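# Tertiary structure, described
Each chain, letter by letter, is given below.
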Amino acid sequence: VQLQASGGGLVQAGGSLRLSCAASGLTFSRYHMGWLRQAPGEGREFVAAINWSGGITDYGNSVKGRFTISRDNAKNTVSLQMNMLKPEDTAVYYCAAGPPGSSRPNEFVYWGQGTLVTVAS
């Protein structure tokens with residue numbers, strides 16, 4: 001299984017970034033997909049998740065109203081649109097796959113390598 005995240009970079013506070021994750025080696029449409037992040041010196045934090053059909057989404061409290069998760073089962077991709085970015089959003093962002101309802105980091109089974117997002121004040 002490979003989950004290849006991309007789209008990270010440096011952005012000014014208030015700006016936007018779109019992360020993408022390309023999945024291979026798994027039956028993508030059967031998995032709950034999520035984005036989690038890890039800031040320097042911190043543990044992994046749940047950001048967003050989406051169910052197999054894309055009809056149900058869930059967000060961490062710190063990103064609600066600013067981030068949007070989506071998926072394309074035909075292309076085996078999941079994306080995270082991040083708007084109104086804040087310096088505290090600075091972290092390595094990981095794409096992950098897990099069973100239905102996954103939200104806690106230890107519930108996700110497969111992880112990508114992460115992509116760094118840096119938000120400058």
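These numbers were taken from a predicted model, which means no experiment stands behind them.

### Some thoughts on unusual backbone geometry
- Look at Asn76: it is not a glycine, yet its phi comes out positive at around 55°.
- Position of Asn76 among the secondary structure elements: in the loop between strand E7 (67-72) and strand E8 (77-82).
- Classification of Asn76 as partly exposed rests on a relative accessible area of 24%.

### So, the environment of Arg66
- Structurally, Arg66 is set in the loop between strand E6 (57-59) and E7.
- According to the relative accessible area criterion, Arg66 is buried, its value standing at 8%.
- Residues Arg66 and Gly9, spaced 57 residues apart in sequence, show a C-alpha to C-alpha distance of 18 Å.
- Apart from the residues lying within four places of it in its own chain, the contact partners of Arg66 are Gln81, Met82, Asn83, Met84, Leu85, Lys86 and Asp89.

### Re the nonpolar core
- By size, the foremost hydrophobic cluster in this structure holds 28 residues, and its most contacted members are Trp35, Val78, Leu80, Met82 and Tyr93.
- Elements that contribute at least two residues to this core include exactly strand E1 (2-6), strand E3 (17-24), strand E4 (32-38), strand E5 (44-50), E7, E8, strand E9 (91-98) and strand E11 (115-120).
- The contact partners of Val78, leaving out residues within four places of it in the chain, are Leu19, Ser20, Cys21, Phe28, Met33, Trp35, Ile50, Ile69, Ser70, Arg71 and Cys95.
- Membership of the second largest hydrophobic core comes to five residues, among which are Leu36, Phe46, Ala96 and Phe108.

### Re the state of the cysteines
- Scanning the entire structure with this criterion turns up one disulfide.
- Between the sulfur atoms of Cys21 and its disulfide mate Cys95 the distance is 2.1 Å. Of note, the bridge from Cys21 to Cys95 carries an S-S torsion of about -75° and is left-handed in sense. Residue Cys21 is located in strand E3, and its partner Cys95 is located in strand E9; the two are separated by 74 residues in the primary sequence.
- Overall, the relative accessible area of 0% leaves Cys95 in the buried class.

Calculation notes
Residues numbered from 1 in each chain as written. Predicted model: local features only at pLDDT ≥ 70, side-chain atom pairs only at ≥ 80, totals over all residues. Heavy atoms only, no water. Helix = DSSP H or I, 4+ residues; strand = E, 2+ residues; numbered from the N terminus. Buried < 20%, exposed > 50% of the residue type's maximum accessible area, 1.4 Å probe, protein only. Contact = heavy atoms within 4.5 Å. Core = buried A, V, L, I, M, F, W, Y, C linked by side-chain atoms within 4.5 Å. Disulfide = S-S within 2.5 Å.

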